[in-house]
Amino acid sequence: MDLNIMSFENVTFTYMPEDETVRPAVEGLSFSIKQGEWIALVGHNGSGKSTIAKLMNGLLFPQSGTVTAMDQKMSEESLWKIRSQMGMVFQNPDNQFVGATVQDDVAFALENNGVPHAEMVQRVHESLRQVKMEEYLNHEPHHLSGGQKQRVAIAGALALRPRLLILDEATSMLDPQGRMEVIETIRELREATGLTVISITHDLEEAALADRILVMNAGHKQVEGTPEDVFFAGNKLTELGLDLPFAMRISKLLTEAGVQLSGEHMSEDRLVEDLWTFYSKK
Amino acid sequence: MDILLQEVGYSYAENTPFEKRALHHVNIHIPSGSYTAIIGHTGSGKSTVLQHLNALLKPTEGSVVIGDRKVEAGVKAKNLRDIRRQVGIVFQFPEQQLFEETVLKDIMFGPMNYGVPEEEAKRRAVELAAQLGLPPEALEKSPFDLSGGQMRRVAIAGVLAMEPEVLVLDEPTAGLDPKGRREIMDLFHQLHVQKGLTTVLVTHSMEDAARFADQIAIMHNGKCVVSGEPRDIFANEEQLMDYRLEPPRTVKLQRMLEAKLGIELDGISLTEEALAKNIALALAKGRETE
């Protein structure tokens, strides 16, 4: 049976339990994530995404409902064991470095966990190789580009051999090139290791690569499904403060301008293909 | 208000062993009323240039002319208060600078600090909060009880409340959701037009630079290597690649399509609307010639 990496059952959390007029940040939320899945969690600012991330790693506990991670109920007792099996990468690449060099930084959590030196060296090299940063072992983190920094942060998480990697807006501060580097790294990692990934993101292009998308709206789960399902639900997303992927926006505009397409396309390649068919038919 | 950077050089920690040269001979002219985008790879010097625009940094070589004031290397600059009021900077993640008890007080802080009477400061705050889409009840709340997107709006309102003539924006929408991003960028554009502001946008988003700017300056390794109109800058892909930049997605899609169909669209498409229109036009024309 597939291991349940993370599941929420009817979870409600409010920052102000004493004030009933304040809507809970997350309300009645249920979902479950299987080993090896890539899940994108999307939603407008204030939809509850960050609260969910904090519930996932036990920084917050729900007022009602259950959070289960790695088949264990999240509690004060289990949370350290659970946390040791998940890695997190945050938004700001400059806020997550402690080491003076790239390898020191990646080794930091290993040292904290008392990993023996020989194994530590081996793991640092291995995880830097996985994100293609092994040439930068002795570089100073602050001289790296944003994309490189985030890849080192991912390596730091990987060195702990987590079963789950949570990316909390990890690409939102990067330039387009850095964003591509990070997304490509995650893709390759998933292919090579089958790591479970939860990415919390505004970037619909990034979400389109996931196996499944959870769309949050005002503390509730609004839609859940494959990228196709979610994006073809169409206008709803725009109402929720989100956006469609670029190729779909152009597809819509083209349809409005009287160009007959075979459908709305999620990728630029497919859109170009379709336009070519249309063009060469006449 | 015109801003002119003339042969500006800047070194961090000058005359110390840690001296690091960030800018070399930068020449940029920002004409009054223009909307200028400064683009460039991470570490190219964009943020250092930005801090010269209101004399937060003073050049270690060359000079910066801001309106009728001149900030020159080696010359002690006095009374920069006026410059700082006339040139408002919205820094990255400006919500980190909020500190007052209430949203209203936070927005009023800047103008009152510059001697604007309380009544007037309040009037501006209320008006701006509404313009930025903050609900009226938010004014009496602590800014720290708001969502990230709302905090961003409060911080922006605080800068606008100073009624600057030049508005400098450093990645103003980073971390906002797509709707918030669009609303804020549209608002800046609207203010630019209505109030005749001079706007400077530092951005990684080629799409925003293409859509809003009327001139673009590219920074690379501490130098301003190119400046010109968006349609010229983004038509020259080779040049962009040299500076580790990419054209906007609309231009990339246009090129993909042109290669596949063996046609050439009219001009270059700087916005999504323009791209769709261009494609529809080309396809219709294709039909007629058959």
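Computed from a prediction, not measured in an experiment: that's the story for all the values here.

Trainee: I'd like to hear about the domain arrangement of chain B, residue by residue, with values.
Mentor: Residues and elements named next belong to chain B. Here the domain parsing of chain B yields domain 1 (3-247) and domain 2 (248-290). Each of domain 1 and domain 2 was reduced to a C-alpha centroid, and the two centroids are 34 Å apart. Contact residues are listed per partner, giving 11 residues for domain 1 and 10 residues for domain 2. Taken together, the two surfaces of domain 1 and domain 2 that pack against each other cover about 890 Å², and 62% of this comes from carbon and sulfur. Here domain 1 and domain 2 share three salt bridges between them. The partner of Glu-246 in a salt bridge is Lys-252, with the nearest N and O atoms 2.7 Å apart. Elements with a contribution of two residues or more to the side of domain 1 that touches domain 2: helix H7 (206-212) and helix H8 (230-235).

Trainee: Describe in detail the sheet that holds strand S4 (residues 61-66) of chain B, supporting the description with residues and values.
Mentor: Residue and element names in this part refer to chain B. With antiparallel pairing, the four strands of this open sheet are ordered in space as S2-S1-S4-S5. In this open sheet, the two edge strands, each paired with only one partner strand, are strand S2 (20-30) and strand S5 (69-72). For this sheet, the mean angle separating the axes of adjacent strands, direction not counted, is 20°. Pairing of strand S1 (residues 3-12) with S4, which is carried by five bridges, proceeds in the antiparallel orientation.

Trainee: Account for the pairing of strand S10 (residues 220-225) of chain A, naming residues and giving values.
Mentor: Here strand S9 (residues 212-217) of chain A pairs with S10 of chain A via five bridges, running antiparallel. Residue pairing for S10 of chain A: Val-215 of chain A is matched across the bridge by Val-223 of chain A.

Trainee: Could you give an account of the environment of Ile-39 of chain A, naming the residues involved and the relevant values?
Mentor: Residue and element names in this part refer to chain A. Tracing the backbone through its elements, the reader meets Ile-39 in strand S3 (residues 38-43). Between the C-alpha atom of Ile-39 and that of Ile-200, which follows or precedes it by 161 residues, the distance is 8.5 Å. Ignoring anything within four residues of it in the chain, the contact list for Ile-39 reads Ile-33, Val-197, Ile-198, Ser-199, Ala-210, Arg-212 and Leu-214.

Trainee: I'd like to hear about helix H5 (residues 148-160) of chain B, residue by residue, with values.
Mentor: Residue and element names in this part refer to chain B. Over its 13 residues, H5 runs 19 Å from end to end, which matches the ideal 18 Å to within 8%, given 1.5 Å per residue. Of all 13 residues in H5, 11 are buried; the element is thus mostly enclosed. Burial in H5 covers these residues: Gly-149, Met-151, Arg-152, Arg-153, Val-154, Ala-155, Ile-156, Ala-157, Gly-158, Val-159 and Leu-160. Buried residues belonging to H5 abut strand S6 (87-90), helix H3 (103-113), helix H4 (118-131), strand S7 (166-170) and helix H6 (178-194).

Definitions and cut-offs
Residues numbered from 1 in each chain as written. Chains lettered and ligands numbered in written order. Predicted model: local features only at pLDDT ≥ 70, side-chain atom pairs only at ≥ 80, totals over all residues. Heavy atoms only, no water. Domains from an automatic or database assignment. Contact = heavy atoms within 4.5 Å. Buried area = accessible area lost by both parts, 1.4 Å probe. Salt bridge = Lys/Arg side-chain N within 4 Å of Asp/Glu carboxyl O. Helix = DSSP H or I, 4+ residues; strand = E, 2+ residues; numbered from the N terminus. Pairing = 2+ DSSP bridges. Axes fitted to C-alpha atoms, helices over the stretch in contact; angles between N-to-C directions. Expected span 1.5 Å × (residues − 1). Buried < 20%, exposed > 50% of the residue type's maximum accessible area, 1.4 Å probe, protein only.

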